[in-house]
Amino acid sequence: MTGLAKLQERKDRIAQAAGRLFARQGYYGTSTREIARLAGIAENTLFRNFDSKENLFWASLRLNLAGWSPRSDLLEVLDANADPEVVLPRFVAQVVDLTLLNPELLHLLLVAFLERRSKAAEICRESLSPFLAAVNRYLAVHIEQSKLKGLDPALITGAIVTMAWMHPVLMEFIDGARAPSFNQRDTTRALSKFWIEVLAPPRGIAQP
């Protein structure tokens, strides 16, 4: 491993530790001393890699958002303008996977917008917009052919993402199901079924 690769690995390790603490304790409730201890380094080593706590916070957010680019299988069906029955399960699967495999991300985003809002929107646009804009363009075409005709496709895109993010938490309050019982497969299947029925109802069903 080259010196540059080792440096990046160390910075990622520090940013990962910082993200866990920021998500749990908030920006102002987390100290650089705690981050250094969790990362297994001295605090002065932390500041040799990040010149301020704020820069470390944004680095941790960017690292956690790194997976938010369309997967190749999703891009393929979006480019082909495939039917919603094909596209929606792949879109939902990616969002669900990112949500369940990285449950701290939503907390970190909330901290960013509540405590450090000035730059939060800029960073989220960098990481989220390419992914969500691609889906939004696809939905703009297919919404016109559904019973949601006339609605803003951005509203639907946001609703799908929000449901995937909040599904395990909300279900616990609604019907008492415990969040740990949810897994990627079950959550993806349930949400995909719902949105396919909304956007691509079975043929023969009258549209309002």
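Since this is a predicted model, take the numbers as computed values, not measurements.

A.B. asks: Where do I start with the packing of helix 1 (residues 3-25) against helix 4 (residues 53-64) in this structure?
C.D. replies: Describing two packed helices takes the angle between their axes plus the distance from one axis to the other. Running from N to C, helix 1 and helix 4 point in directions that differ by 95°, and their axes come no closer than 8 Å. Considering their axes alone, helix 1 and helix 4 lie roughly perpendicular with respect to each other. Side by side, helix 1 and helix 4 meet where Asp12, Ile14, Ala15, Gln16, Ala18, Gly19 and Phe22 of the first sit next to Lys53, Leu56, Phe57, Ala59, Ser60, Leu63 and Asn64 of the second. Taken together, the residues of the contact of helix 1 with helix 4 break down into eight nonpolar, four polar and two charged.

A.B. asks: Just checking my understanding: could you explain the environment of Asp51 for this structure?
C.D. replies: Tracing the chain through its elements places Asp51 in the loop between helix 3 (43-49) and helix 4. A distance of 2.4 Å separates a polar atom in the side chain of Asp51 from a polar atom in the side chain of Asn55.

A.B. asks: Help me understand unusual backbone geometry, please; the structure alone is not making it clear to me.
C.D. replies: Outside of glycine, negative phi angles account for most residues, and trans bonds account for most peptide bonds. Unusually for a residue other than glycine, Asn81 sits at a positive phi of about 50°. Note on placement: Asn81 falls in the loop between helix 5 (72-79) and helix 6 (84-101). Owing to a relative accessible area of 39%, Asn81 belongs among the partly exposed residues under this scheme.

A.B. asks: How do you make sense of the pattern of salt bridges when you look at a structure like this?
C.D. replies: If the charged atoms of two oppositely charged side chains come close together, the side chains can form a pair. The tally for this structure, following the rule as stated, stands at five salt bridges. The partner of Arg189 in a salt bridge is Asp186, and the shortest N-O contact between them spans 3.3 Å. Of this pair, Arg189 and Asp186 are both found in helix 10 (residues 184-199), three residues apart, which corresponds to roughly one turn of the helix. Across the pair Lys193 and Glu197 runs a salt bridge whose closest N-O atoms are separated by 2.8 Å. Residue Lys193 and its partner Glu197 are located together in helix 10, separated by four residues, close to a single helical turn.

A.B. asks: Which parts of the structure should I look at to understand the environment of Leu21?
C.D. replies: Tracing the chain through its elements places Leu21 in helix 1. Its relative accessible area of 6% is what places Leu21 among the buried residues. With 13 residues separating them along the chain, Leu21 and Glu34 place their C-alpha atoms 8.1 Å apart. Residues within four places of Leu21 in sequence aside, it is in contact with Gly26, Thr30, Glu34, Ile35 and Leu38.

A.B. asks: It is not clear to me how helix 4 should be interpreted in this structure. Could you clarify?
C.D. replies: One turn of the α-helix equals 3.6 residues, which is why residues spaced by three or four share an orientation. With 12 residues, helix 4 extends 17 Å between its outermost C-alpha atoms, agreeing within 8% with the 16 Å of an ideal straight helix rising 1.5 Å per residue. Buried residues along helix 4 sit in contact with helix 1, helix 2 (32-39), helix 3, helix 7 (104-115) and helix 8 (117-143).

A.B. asks: How do you make sense of the packing of aromatic side chains when you look at a structure like this?
C.D. replies: Think of a pair of aromatic rings as described by two things: how far the centres are apart, and how the planes are tilted against each other in angle. Per the counting criterion, the structure on display carries nine aromatic pairs. On the numbers, 5.4 Å between centres and 85° between planes, the contact of Tyr27 with Phe57 is edge-to-face. Of this pair, Tyr27 sits in the loop between helix 1 and helix 2 while Phe57 sits in helix 4, placing them 30 residues apart in sequence. Summarising the burial analysis for this pair, Tyr27 and Phe57 share the class buried. Taken together, Phe22, Tyr27, Tyr28, Phe57 and Trp58 form an aromatic cluster joined through their ring pairs. The ring centre of Phe50 lies 5.2 Å from the NZ or CZ of Lys11, which sits over that ring.

A.B. asks: Got a minute to help me understand the side chain of Asn64 in this structure?
C.D. replies: Looking at where Asn64 falls in the secondary structure, it is placed in helix 4. Looking at Asn64, its side chain comes within polar contact range of the side chain of Asn102, at 3.0 Å. For Asn64, the residues in contact, after removing those within four places along its chain, are Gly19, Asn102, Leu105 and Leu108.

A.B. asks: Sorry if this is basic, but what is going on with the packing of helix 6 against helix 10 here?
C.D. replies: The geometry of helix 6 relative to helix 10 is characterised by a closest axis approach of 8 Å and an angle of 140° between their N-to-C directions. The handedness of the crossing between helix 6 and helix 10 comes out as right-handed. Contact residues: helix 6 offers Pro84, Glu85, Leu88, Pro89, Val92, Ala93, Val96, Asp97, Leu100 and Leu101, while helix 10 offers Gln184, Thr187, Thr188, Leu191, Ser192, Trp195, Ile196 and Leu199. Classifying every residue of the contact of helix 6 with helix 10 gives 12 nonpolar, four polar and two charged.

Definitions and limits used
- Throughout this description, residue numbers start from 1 for each chain and increase along the sequence as written.
- Only residues with pLDDT of at least 70 get local features here, since the model is predicted, and only at 80 or more are side-chain atom pairs given and counted; chain-wide, interface and lining totals rely on the full set of residues.
- Based on all heavy atoms of the structure, the side-chain values leave hydrogens and waters out of the count.
- Note on definitions: angles span 0 to 180 degrees between N-to-C directions of axes, and those axes are lines fitted to C-alpha atoms, for helices only across the stretch in contact.
- The helix count covers DSSP runs of H or I at least four residues long, the strand count covers runs of E at least two residues long, and both are numbered beginning at the N terminus.
- In this scheme, roughly parallel covers angles under 35 degrees and roughly antiparallel covers those over 145, while 65 to 115 is roughly perpendicular and the rest are oblique.
- Whether two residues are in contact is decided by their heavy atoms, any of which lying within 4.5 Å being enough.
- Polar here means any residue other than Ala, Val, Leu, Ile, Met, Phe, Trp, Tyr, Cys and Pro, which are nonpolar, and Asp, Glu, Lys and Arg, which are charged; Gly is therefore polar.
- Whenever a nitrogen or oxygen atom comes within 3.5 Å of another N or O atom, the pair is scored as a polar contact, on the condition that within protein one atom can donate a hydrogen and the other can accept it, and that pairs from neighbouring residues in sequence are kept only if both atoms are in side chains.
- Burial here depends on accessible area, computed with a 1.4 Å probe over protein chains only, as a share of the maximum for the residue type. Under 20% is buried, over 50% is exposed, and the range in between is partly exposed.
- Here, a salt bridge means any side-chain nitrogen of Lys or Arg that lies within 4 Å of a carboxyl oxygen of Asp or Glu.
- How far a helix is expected to stretch is found by multiplying one less than its residue total by 1.5 Å.
- Each Phe, Tyr or Trp ring, with Trp reduced to its six-membered ring, pairs with another whose centre is within 6.5 Å; inter-plane angles below 30 degrees give stacked pairs, above 60 give edge-to-face pairs, and intermediate values give tilted ones.
- The rule is short: NZ of Lys or CZ of Arg within 6 Å of the ring centre and within 35 degrees of the ring normal puts a charge over the ring.
- Two helices cross in a left-handed way if the nearer one is turned anticlockwise from the farther one by less than a right angle. They cross in a right-handed way if the turn is clockwise.

Everything listed here is a matter of geometry and, on its own, says nothing about what the molecule does.
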